[in-house]
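Residue-level structure breakdown
In case you want the letters, here they are:
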Amino acid sequence: MSILIVRGGTKLEGEICAQGSKNAALPILAASLLCGRTVRLTNVPRLSDVANMTAILCQLGCVIQQDGDALTIDSSRLTTCVLPERLSKEMRSSIFLLGSVLGRLKEAVATYPGGCEIGNRPIDLHLQGLKRLGAEIHEDGGRIRIKGGRLKGAVVQLDYPSVGATENVMLAACSAHGETVVQNAAREPEIVALQDFLNAAGYHVNGAGTSTVVIRGGGTPHELEYRIMPDRIAAGTLLTAGAISGGNVRVTGISPDMLSAVVDKLVATGCKVSSEPDSIALIAPERPKELERMDTLPYPGLPTDMQAQFFSLCQVADGTSVIVENVFENRFKHAQELRIMGGKNVIYGRTAVIRGVDKLFGAKVTARDLRGGAALVLAGLRAEGVTVVEQAEIIDRGYEALEEQLNSLGASIERKDN
Ligand code: EPZ
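Here the structure is a predicted model, which means the values were calculated and not measured.

1. A closer look at the sheet that holds strand S11 (residues 204-206)
Sheet architecture is open: four strands sit in the order S9-S10-S12-S11, paired in mixed fashion. In this open sheet, the two edge strands, each paired with only one partner strand, are strand S9 (155-157) and S11. Averaged over all neighbouring strand pairs, the angle between strand axes comes to 15°, with direction disregarded. In the sheet, S11 pairs with strand S12 (residues 212-216) via three bridges, with the strands oriented antiparallel. Of the residues in S12, the one forming a bridge with Val205 is Ile215.

Given below as structure tokens:
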């Protein structure tokens, strides 16, 4: 288990480059398996979720080499269509692999990924989408066997703009006969990145970033090199760290367009934000103003993956804030941890009422999920005294050594592994 020891009270100052995107890298790793060729990915973030995904690809028969932030994946010889149970359970986003394994091998076997810290995480929309393409789905106990000998293009209407379901259908549709139209598709930038990768690999996908994605089945996949886009959530987390510490930070290598909802809310708390085409600079007030109301929504709305970080910021605001978590049903576990630090907040279902306090006090707290854990580190930056964040390995799922990133901006955080 790892812990992060955060000494509070420093204003963050300086410039840092955004890491590669976890939520772009994972579906693109799944897509690399679809190509059956050698694919070289660069700017791949060094995260435990990425390591997990590459381990699953290797168990499926891929040969993977890593050099620095580059991964070379040869998926020409797959040996099985069965996703390894333990690794798949550890990372629910392995479910993206269903679409690409099915596309390659005409069959896929997976274990229900089950819920996780932030909610039940069902996969009904994934399975409905694959069924619309003609896949036969057999479920027994916790295992799913999907057969898709001849997938046929179809109109897939998603009941909810699910990111994962959109990506899974895009991947399976690349191998279907005919055209697939995904309606009510998720519009996240990571979907656009997946489309860019697939087209660069020789497939035919259009419309990503809008609610209608069109995939023309077939295509002649070929070898390629592809650079993973920057992580907008990691960038937003660093900006919010600058905000909560009353500091002055610039995040480079990130397009402000991907973070407009986040920037709007940071400005609403009193931060001065200026943008260049590939960087965002923030100067924070001594104490943030409250957010009268913040709703998490599918893109381009305020990302649910930034909710916890804003929660910590609001916890030290000069007023009472309301945050509504519309995307996941159980994503306020950081609230109780902030109360241990002296925060005042009440949770009513999907609504949090956060009464800003003058001061948080360093304490021993526990990371319960990825973004909640990062939010506790941010709270520790502001707190008086020392905050110990336990289960910090959960934070490593989505951040490349968050302590090193923050220390490069003047924070004082020490990691201890035991
Ligand atoms: C992706 O998860 C991201 N993960 C999540 O990031 C992110 O929070 C989420 O999209 C929303 O933006 C990756 O990209 C690897 P969804 P995903 O399907 O695809 C419900 C992080 O911290 N739903 O858009 O699982 C679901 O329960 C992680 O980086 C169904 O009901 O999200 C949730 O309430 C956390 N049935 C809502 O949709 C389904 O079949 C959004 O889920 C699928 C989803």
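2. Comments concerning the packing of aromatic side chains
What the rule picks out here adds up to two aromatic pairs. Relative to Tyr226, the ring of Phe197 has its centre 5.5 Å away and its plane inclined at 85°; by these criteria the two rings are edge-to-face. Of the two residues, Phe197 sits in helix H7 (residues 189-201) while Tyr226 sits in strand S13 (residues 224-227), which places them 29 residues apart along the sequence. Of the two residues, Phe197 and Tyr226, both sit in the buried class.

3. A few points about the pairing of strand S15 (residues 272-276)
In this structure, S15 lies alongside strand S16 (residues 279-283), joined through five bridges in antiparallel fashion. By the bridge assignment, Glu276 is partnered in S16 with Ser279. Joining the antiparallel neighbours S15 and S16 is a turn of two residues.

4. A few points about the site of the ligand
In the vicinity of the ligand lie 25 residues, with Asp124, Leu125, Ser162, Asp305 and Val327 positioned nearest. Between Arg92 and the ligand, the recorded distance is 2.9 Å, taken from a side-chain N or O atom to an oxygen atom. At 2.7 Å, a side-chain N or O of Ser162 approaches an oxygen atom of the ligand. Against a free-state accessible area of 820 Å², the protein chains account for coverage of 89% of the ligand.

5. Brief notes about the pairing of strand S18 (residues 320-325)
The pairing of strand S17 (residues 294-296) with S18 spans three bridges and is classified as parallel. Along S18, the bridge assignment pairs Asp295 with Val324. This β-α-β element, S17 to helix H10 (residues 307-315) to S18, shows right-handed connectivity.

6. A look at unusual backbone geometry
With an omega of 10°, the peptide bond running from Tyr299 to Pro300 counts as cis. Following the sequence through the fold, Pro300 ends up in the loop between S17 and H10. Located in the positive-phi region is Arg121, a residue other than glycine, with phi close to 55°. With respect to the helices, strands and loops of the structure, Arg121 is situated in the loop between strand S6 (107-111) and helix H5 (124-132). The exposure class of Arg121 is buried, given its relative accessible area of 19%.

7. Topic: the sheet that holds strand S3 (residues 38-42)
Taking strand neighbours across the sheet as the criterion, the four strands line up as S4-S5-S3-S13 in an open arrangement whose pairing is mixed. A strand with exactly one partner marks an edge of an open sheet, and here the two such strands are strand S4 (63-67) and S13. Averaged over all adjacent pairs, the angle separating strand axes in this sheet is 15°, with direction ignored. In this structure, S3 lies alongside S13, joined through four bridges in parallel fashion. The residue of S13 that forms the bridge with Arg40 is Glu225. The strands that H7 touches are S3 and S13; relative to S13, the one it contacts most, it runs at about 165°.

8. Describing the packing of helix H1 (residues 22-35) against helix H4 (residues 97-105)
With their axes 8 Å apart at the nearest point, H1 and H4 run at an angle of 0° to one another. By the angle between their axes, H1 is roughly parallel relative to H4. When H1 is examined against H4, the residues Ala30, Leu33 and Leu34 are found in contact with a partner set consisting of Leu97, Ser100, Val101, Gly103 and Arg104. Partitioned by chemical class, the residues of the contact of H1 with H4 number five nonpolar, two polar and one charged.

9. So, the pattern of salt bridges
Counting across every chain of the model gives 20 salt bridges. Residue Arg331 pairs with Asp305 through a salt bridge whose shortest N-O separation is 2.8 Å. Residue Arg331 is found in the loop between S18 and helix H11 (334-340), and its partner Asp305 is found in the loop between S17 and H10; the two are separated by 26 residues along the sequence. Across the pair, Asp305 and Arg331 agree in class, each one buried. Linking Arg368 and Glu337 is a salt bridge whose minimum nitrogen-to-oxygen distance equals 3.1 Å.

10. What about the packing of H1 against H7?
Between two packed helices, both the angle of their axes relative to each other and the distance between the axes serve to describe the pair. At a minimum axis distance of 9 Å, the contact between H1 and H7 shows a crossing angle of 25°. Our classification of the angle between H1 and H7 gives roughly parallel. Crossing of H1 over H7 shows right-handed handedness. Between H1 and H7, the residues in contact are Asn23, Ala24, Pro27, Ile28, Ala31, Ser32, Leu34 and Cys35 and Glu190, Ala193, Leu194, Phe197, Leu198 and Ala201, respectively.

11. Things to note about the nonpolar core
Among the nonpolar cores identified, the biggest contains 140 residues, and Leu97, Phe197, Leu198, Phe310 and Leu406 are the most heavily contacted of them. Of the residues forming this core, the biggest block, ten residues, is contributed by H1. Those residues in contact with Phe310, other than ones at most four positions away along the chain, are Thr240, Val262, Lys265, Leu266, Leu291, Met294, Leu302 and Ile323.

About the thresholds
- Residues numbered from 1 in each chain as written.
- Predicted model: local features only at pLDDT ≥ 70, side-chain atom pairs only at ≥ 80, totals over all residues.
- Heavy atoms only, no water.
- Pairing = 2+ DSSP bridges.
- Helix = DSSP H or I, 4+ residues; strand = E, 2+ residues; numbered from the N terminus.
- Axes fitted to C-alpha atoms, helices over the stretch in contact; angles between N-to-C directions.
- Phe/Tyr/Trp six-rings, centres within 6.5 Å; stacked < 30°, edge-to-face > 60°.
- Buried < 20%, exposed > 50% of the residue type's maximum accessible area, 1.4 Å probe, protein only.
- Near = heavy atom within 4 Å.
- Polar contact = N/O pair within 3.5 Å; in protein donor to acceptor, adjacent residues only side chain to side chain.
- Areas by Shrake-Rupley, 256 points an atom, 1.4 Å probe, with all protein chains shown as cover.
- Right-handed = clockwise from strand over helix to strand, strands pointing away.
- Contact = heavy atoms within 4.5 Å.
- Parallel < 35°, antiparallel > 145°, perpendicular 65-115°, else oblique.
- Nonpolar A, V, L, I, M, F, W, Y, C, P; charged D, E, K, R; others polar.
- Salt bridge = Lys/Arg side-chain N within 4 Å of Asp/Glu carboxyl O.
- Left-handed = near helix turned anticlockwise from the far one by under 90°.
- Core = buried A, V, L, I, M, F, W, Y, C linked by side-chain atoms within 4.5 Å.

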